[in-house]
Amino acid sequence: MQDYYYGNSKKMFEKENYKIPLDKFINNALYHPKNGYYMQKFPFGKKGDFITAPNISNIFSEMIFLWLISYWQKFHTKRNINIVELGAGNGEMMFQIINSAKKFTKFYNKCNFSIYEKSNKLIKSQKEKLKKHKVTWIKNLDKLKNNPTIFFGNEFLDALPIKQFINYDNIWYERCIEKKGGVYNFTKIRCDIKKIEKKINLKISKKQKFLEISFEEFKIIQKLNNIITKKGGCILLIDYAYTNKKMFDTLQAVKNHRKVNVLEEVGSSDISHMININFLKKYSNKINLKVDHNTQREFLLNLGIMNRAEILAAKTSFLEKANIFYRVNRLIDKKQMGELFKVMYFYKKNQKFKLGFK
Ligand SMILES: C[S@@+](CC[C@H](N)C(=O)[O-])C[C@H]1O[C@@H](n2cnc3c(N)ncnc32)[C@H](O)[C@@H]1O
């Protein structure tokens, strides 16, 4: 059955004639130390390949700040708190959040701000952007101070590598990539889906013809769950996500703000996928982690994004007003990011918190 080779997958960019599972391929395409997309490119903004919510409007980060401080106020006012961003990109969201926090000294003085980031190139630019702010970068989450911890992240889960499994005539295959003559192609190998299910302790293949699973996502959710179980706290994630029971192929690559073929721009395009909330909830519930979710649109409207936009626009020129509302609209419009993106709140029993999730 094991007819592919993981072997030198680190040499994906140089080697020929091999097959690797999709998750190894994605990991290399994005994080190969020399050629990986996030290790050599600066993907964000107009001149990059894609634009994320914190880079569309500062008000997005202000709303996340509002949520963080409200959570702290409800559960942990008397304690210091770790505020940890997962996958901070160009550091824009953390920058805005700390700027807002500084206006609330009581809260600010209790906060330890940290970033958990994989790309050394991005860490460098985050450090530059945040040089006037008190932030630490952590590679090992076990080293966090012994305080309640709020983990938050925008487009973090959707950037993690996935595996894909396909059922043809009641036989399950794992999707792999092979490289021959410098060209990458999809291929498949037969697999034992029961072994996969055993690994995640979930029976998921029944009634499905296609599965997308990220072991890295499970690993990290489990890790964060262990931390908040011990120290207290929660997780707030905003991702490109869907709620259908049936899974489908959501793998995509983006370059210069356009979708491109995943196998044609390897190392120069961003590869991502959509989170299946239904599946993520099942997995989280198994480890006693509850998950509430809402669309980005409803979450931001509940937090008062329109009021904030009106306040900011009140004293500005017509052009600036139009700009503020144009950007807010991109975040909440049903046909733009409003419904495609979901906000997920992961919490332990007795930590129900409805702000943004009513
Ligand atoms: C799509 S970008 C989003 C960046 C930023 N949050 C934003 O909204 O602009 C994904 C981020 O997650 C980071 N990342 C991906 N996998 C990671 C991992 N396993 N550990 C830490 N950071 C990771 C990437 O390097 C990048 O900073």
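Here's what I pulled together on the structure shown here.

Rules used in this analysis
Sequence positions are assigned chain by chain, starting from 1 and proceeding in written order. With pLDDT at 70 or above as the cut-off, local features in this predicted model cover only qualifying residues; side-chain atom pairs require 80 or more to be listed or tallied, and sums for whole chains, interfaces and linings still use all residues. Hydrogens and water are ignored here; the side-chain numbers use all heavy atoms of the structure. Note on conventions: DSSP H or I runs of at least 4 residues are helices, E runs of at least 2 residues are strands, and numbering of each starts at the N terminus. In this description the radius of gyration comes from C-alpha coordinates, and the expected globular size is given by 2.2 Å times residues to the power 0.38. Exposure classes here rest on a 1.4 Å probe applied to the protein chains alone. A residue is buried below 20% of its type maximum, exposed above 50%, and partly exposed in between. Contact criterion: two residues are considered in contact whenever any of their non-hydrogen atoms come within 4.5 Å of each other. Working definition of accessibility: Shrake-Rupley area with a 1.4 Å probe, residue cover restricted to the visible protein chains. Neither His nor the chain ends is counted toward charge; the positive residues are Lys and Arg and the negative residues Asp and Glu. A charged residue contributes its charge at one atom only: NZ of Lys, CZ of Arg, CG of Asp or CD of Glu. In these notes, a set of buried Ala, Val, Leu, Ile, Met, Phe, Trp, Tyr and Cys residues joined through side-chain atoms within 4.5 Å is what counts as a nonpolar core. Strand pairing follows a simple DSSP-based rule, namely that at least 2 bridges must link the two strands. Axis definition: a line fitted to C-alpha atoms, limited for helices to the stretch in contact. Angles are taken between N-to-C directions and run from 0 to 180 degrees.

Counting its secondary structure elements, the protein contains 13 helices and 16 strands. The C-alpha atoms of the protein give 21 Å as radius of gyration, which agrees with the globular expectation for 358 residues (21 Å, within 12%). Dimensions of the protein, computed from C-alpha atoms along their principal axes, come out at roughly 60 × 45 × 40 Å. Counting across all 358 residues of the protein, residues that qualify as buried make up 56%. Put simply, 71% of the contacts in the protein that link residues at least 6 apart link residues at least 24 apart. Accessible area for the protein stands at about 17,600 Å²; split by element, carbon and sulfur atoms hold 49% of it. With 68 positive and 32 negative side-chain charges, the protein shows a spacing of 7 Å between the two charge centroids.

Turning to the nonpolar core, a few remarks are in order. Ranked by size, the top nonpolar core spans 92 residues in total, and within it Ile-64, Trp-67, Phe-113, Phe-151 and Ile-213 carry the most contacts. It is helix α4 (residues 58–75) that provides the largest number of residues to this core, a total of 10 residues. The residues touching Trp-67, leaving out its near neighbours within four places in the chain, are Ile-150, Cys-234, Leu-236, Phe-299, Leu-303, Tyr-345, Phe-353, Leu-355 and Phe-357. Within the second largest apolar cluster, 25 residues are counted, among which are Phe-50, Tyr-184, Ala-253 and Ile-271.

What follows deals with the pairing of strand β6 (residues 163–168). Burial analysis of β6 places five of its six residues in the buried class, the great majority of the element. With four bridges joining them, β6 and strand β7 (residues 171–180) adopt antiparallel strand pairing. Paired with Tyr-168 across the two strands is Ile-171, which belongs to β7. Taking the residues that link successive antiparallel strands as the turn, the β6-β7 hairpin has two residues, and the phi of Asp-169 there is positive, at about 50 degrees.

Even without a glycine there, the phi angle at Asn-170 is positive, about 65 degrees. Summarising the element assignment, Asn-170 is placed in the loop between β6 and β7. In the Ramachandran plot, Lys-207 falls in the positive-phi region, its phi being about 65 degrees despite a non-glycine side chain. Taking relative accessible area as the criterion, Lys-207 reaches 72% and is therefore assigned exposed.

Right, let's get into the sheet that holds strand β13 (residues 270–272). Read from one edge of the open sheet, three strands run β12-β11-β13, paired in antiparallel fashion. Of all strands in the sheet, those bounded by a partner on one side alone are β12 (258–260) and β13. Shown here is a sheet whose adjacent strand axes are inclined to one another by a mean of 40 degrees, direction ignored. Across three bridges, strand β11 (residues 252–255) lies against β13 in antiparallel orientation. The residue of β13 that forms the bridge with Val-254 is Asp-270.

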